[in-house]
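Residue-level structure breakdown
Spelled out from the first residue to the last, the chains are:
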Amino acid sequence: MPVNFAFVLHFHQPHGQLKWVNERIFENSYRLLLSIMRDYSDLKFVVHISGPLLLYLEEHHPDWLNEMFKLGDVGTVEFIAGTISESILPLVPSWDRVKQITLYLERFEKLSGIRPRGFWLPERVWEPWLPEVLASAGIEYVLLDDAVLRKSGYSQDYSKYAWITEESGLPVKVFFIDEKLRYILPWEQPERVVEYMVQQGRDESVVLVWGSDAEKFGEWMDPGRSEWWLRRFLDALRTESRVQTVHLSGYLREHGVKGYLYLDTGSYDKMLEWSGGFFRNFLRKYAESNNMHKKALWVRRKLERAYGDQGVYPLDYYMAYCNDAYWHGLFGGIYLAHLRQAIYESLIRVEAKAEELTKYFGNGNVKRLLVDFDYDGNLELLVETPSYNLYVKPSDGGTLFEFDVKVKGLEHNVQDTMTRYPEPYLEGFINPDWYRRTSWRVHVWGRETTIHDWMHNAPFKDMSDLALAKYSTVFTENSGAFRLRTIGGVYNYGSRAALLLVEKEVRLLDKGYETKYLVKNLGENAVVGKIGLEYHVAWKINRLHEQKPWYTVNGEKFSVDEWFSGRGRTVKLYSEPYPPIALESSRELELWVARLSSYARTEKGLREIPQGLGVMFLEDVVLKKGDAFEVVIKHVVEL
């Protein structure tokens, strides 16, 4: 009795992918796979094209799409659906989950004339309530990993059949991707893979599912070797009578399901490892992931006012849930700045549109709100204008964690840099950051501290507790100005040696804002050290053409790869064609300027990923009792 084999190819590139990367993968992988499927049209394949990639191919390679759809017409390919943004459904608000799927189905049917019944679950992240969502969208079956079976207490034998599960009486059928098969195909010899499949035969309803990235062929593996491997593998399938390729819908018509079961949360084995067993843990591990997620929730509130609770919102909103930027495992993920920037661009665009439709600002031009934006139990301060937003976290050093430019065509979160987190593969290689890399953080460094200590994380060099202090918030005039205030200590060998008052008075400008800093000694002992005022700025990445950003200090030009340590007043960051982003102090100070980089594990090894520019304004001080340090720093986008 032949073993049924479903060869499921998942084609995906994320929202915001660099155009030259998309084109390289298209040439090396997608063209190759289409050609091979044509040559082996007597066999059966199952194909998922992710929503972001579908939209990209529709615009840039419609002929390729049409040729792929023809393979569906002749019975070679069965297509399965996904979400329009390749979103992790548990991260999407419940009101939008079905819409994520139906938007994909509608777009795919419009392009191909086909309405898929199967579903590729993004990153195969499963939660037990998903059958209700899938069934409500008209989905018949979904693919999961057999790791979910094991996590739910079932034996491996269950993975060799289709099953049914339900939520609230709404059922969906389930196939399981064979983990061992996924690890040996295409990394072992083709004959070894076919032999493994033959060994799994028990009865006529056994089905083995290989479901993984199409990019393994031509991108992960060299195109020449990929073609050799695939042709040899498919030739072996043609001649091996004990294995037959199937479409999953066809399998269900002939064999049905083995029975019913209920499943725990889960995903594939590596995702369970990376996430600590539960995908939502990424929101806890990475503040930047949580920031994007909560920004999307905040923007949705504005969309509800503009379009209604259950309205169809602009496509940008749905695309902002594309999963790749929200987590990290083998690929760059959240460490890839261009993916995060695409999320923010989409959200800022629809936010500005919703504000315009609802006359959000009324007769004024500023809103100041104290809300628990990130759901950590502390209130954040959101200052919004028609042109930009400032999001401030008083509980974390009184810092600026989001600075959105909302001008049409220039949408950008200037503050979208990335903290260096502890990762297992970085142990002994870097010192992780001991605070989130945002702006307005105040330090009192020892006088011997250097730019290298700052960028390479030597926390003991900061003699104060001001960097992580909790600040109170005081609203001043109605122009949007506000003041942050705290009292903290300076320490000597663990004992508090002095007491400092810190105030940050923020005033809005047409193209940004300025912050007036006051650091005053309230204690008896003198404070001797360097007061440091920290900023981080993200340059705007051009995803269509490669670029090389640079910066200037007092007009002198430097590559972002160069570090600067010296005196100055003004730092400007350039990433053409985006306008310069400028930081300017009211008087000359010591300046440290350095590129902030992360190190991420990717499929091609450890990679250094630029995140933005770190800027520290410093002054050597001897503050006696009652003495104060004062300076004003302006931060604008030169529109």
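These remarks concern the structure in this document. Everything quoted here is computed from the prediction, not taken from an experiment.

Cut-offs applied
Residues numbered from 1 in each chain as written. Predicted model: local features only at pLDDT ≥ 70, side-chain atom pairs only at ≥ 80, totals over all residues. Heavy atoms only, no water. Buried < 20%, exposed > 50% of the residue type's maximum accessible area, 1.4 Å probe, protein only. Helix = DSSP H or I, 4+ residues; strand = E, 2+ residues; numbered from the N terminus. Pairing = 2+ DSSP bridges. Right-handed = clockwise from strand over helix to strand, strands pointing away. Expected span 1.5 Å × (residues − 1). Axes fitted to C-alpha atoms, helices over the stretch in contact; angles between N-to-C directions. Parallel < 35°, antiparallel > 145°, perpendicular 65-115°, else oblique. Contact = heavy atoms within 4.5 Å. Nonpolar A, V, L, I, M, F, W, Y, C, P; charged D, E, K, R; others polar. Salt bridge = Lys/Arg side-chain N within 4 Å of Asp/Glu carboxyl O. Core = buried A, V, L, I, M, F, W, Y, C linked by side-chain atoms within 4.5 Å. Left-handed = near helix turned anticlockwise from the far one by under 90°.

Here the focus is the pairing of strand β5 (residues 141–145). Counting buried residues in β5 gives 5 out of 5 residues, a clear majority hidden from the surface. Judged by which residues are buried, β5 turns out to be covered on both faces: Tyr 141, Leu 143 and Asp 145 on one side and Val 142 and Leu 144 on the other are all buried. In this sheet, β5 lies alongside strand β4 (residues 118–120) in parallel orientation, the contact comprising 3 bridges. Residue pairing in the sheet places Phe 119 in a bridge with Val 142 of β5. A crossover links β4 with its parallel partner β5, the connecting element being helix α5 (residues 130–136), and its sense is right-handed. In the sheet, β5 pairs with strand β7 (residues 170–177) via 5 bridges, with the strands oriented parallel. Across the sheet, residue Leu 143 finds its bridge partner in β7, namely Phe 175.

Here strand β24 (residues 578–602) lies mainly inside the structure; 19 of its 25 residues are buried. Two strands pair when backbone bridges link them, and strand β23 (residues 564–575) and β24 are joined in this way by 10 bridges, in the antiparallel orientation. Across the sheet, the residue bridging to Ser 575 is Tyr 578, located in β24. Taken together, β23 and the strand that follows it, β24, pair antiparallel across an intervening segment of 2 residues. Taken together, the 5 bridges between β24 and strand β26 (residues 628–637) define a ladder with antiparallel strand orientation. Each residue of the ladder has a partner; that of Leu 583, found in β26, is His 635.

Looking now at helix α15 (residues 337–358). The terminal C-alpha atoms of α15, which comprises 22 residues, lie 31 Å apart, in line with the 32 Å expected from a rise of 1.5 Å per residue. One or two positions beyond α15, positive phi appears at Lys 359, with a value near 50°.

Once that is clear, we can look at the packing of helix α1 (residues 19–39) against helix α2 (residues 51–60). The contact between α1 and α2 brings their axes to 12 Å, and the two run at 85°. With respect to α2, the axis of α1 lies roughly perpendicular. Of α2, the residues touching α1 (which contributes Lys 19, Asn 22, Glu 23, Phe 26 and Tyr 30) are Leu 53, Tyr 56, Leu 57 and His 60. Of the residues in the contact of α1 with α2, the class split is 5 nonpolar, 2 polar and 2 charged.

The full count for this structure, using the stated rule, is 61 salt bridges. One salt bridge in this structure joins Lys 393 and Asp 376, with 2.7 Å as the shortest N-O distance. Note that Lys 393 is positioned in strand β12 (residues 388–393) and Asp 376 in the loop between β10 (367–371) and β11 (380–384), a separation of 17 residues in sequence. Exposure remark for Lys 393: the relative accessible area of 9% places this residue in the buried category. For Asp 376, a relative accessible area of 37% gives the class partly exposed.

Counting 190 residues, the largest nonpolar core has Phe 7, Phe 11, Met 197 and Phe 233 as its most contacted members. Tallying contributions element by element places α1 first for this core, with 9 residues. With sequence-adjacent residues up to four places away left out, Phe 7 is seen in contact with Lys 44, Phe 45, Val 46, Leu 185, Trp 210, Phe 217, Leu 230, Phe 233 and Leu 234. Trp 445, Trp 454, Ala 594 and Leu 596 belong to the second-largest nonpolar core, a separate cluster that totals 10 residues.

Right, let's get into the environment of Thr 570. Residue placement: Thr 570 occurs in strand β23. Owing to a relative accessible area of 16%, Thr 570 belongs among the buried residues under this scheme. A sequence separation of 18 residues divides Thr 570 from Thr 552, and the C-alpha atoms of the two residues are 7.8 Å apart. Contacts of Thr 570, omitting those with residues within four sequence positions, involve Thr 552, Val 553, Asn 554, Leu 583 and Glu 584.

Tracing the sequence through the fold places Asn 290 in helix α13 (residues 287–307). Look at Asn 290 and you get buried, because its relative accessible area is 12%. Among residues more than four places away in sequence, those in contact with Asn 290 are Leu 283 and Asp 374.

Once that is clear, we can look at the sheet that holds β11. Taken together, the 5 strands give an open sheet; going across it, the order is β10-β11-β12-β13-β14, and neighbouring strands pair in antiparallel fashion. Each edge of the open sheet carries a strand with a single partner, namely β10 and β14 (412–413). Taken together, the 4 bridges between β11 and β12 define a ladder with antiparallel strand orientation. Pairing of Leu 382 across the sheet is with Tyr 391, part of β12.

Turning our eyes to something else, we now look at the packing of α13 against α15. A pair of packed helices is characterised by two quantities: the angle between their axes and the separation of those axes. At a minimum axis separation of 9 Å, α13 and α15 run at an interaxial angle of 25°. Judged by the inter-axis angle, α13 sits roughly parallel to α15. In this structure, α13 meets α15 at a crossing whose hand is left-handed. Where α13 abuts α15, its residues Glu 288, Asn 291, Met 292, Lys 295, Ala 296, Trp 298, Val 299, Lys 302, Leu 303, Arg 305, Ala 306 and Tyr 307 lie against Arg 340, Ile 343, Tyr 344, Leu 347, Val 350, Glu 351, Lys 353, Ala 354, Glu 355, Leu 357 and Thr 358. Its residues assigned to classes, the contact of α13 with α15 comprises 13 nonpolar, 2 polar and 8 charged.

Of the consecutive residues Leu 185 and Pro 186, the connecting peptide bond is found in the cis state with omega at 10°. For Pro 186, the location among the structural elements is in the loop between α7 (179–184) and α8 (190–199). One non-glycine residue with positive phi stands out, namely Glu 86, at about 55°. Since its relative accessible area comes to 1%, Glu 86 is described here as buried. One non-glycine residue, Trp 440, lies in the positive phi region at around 80°. Position of Trp 440 among the secondary structure elements: in the loop between β14 and β15 (441–445).

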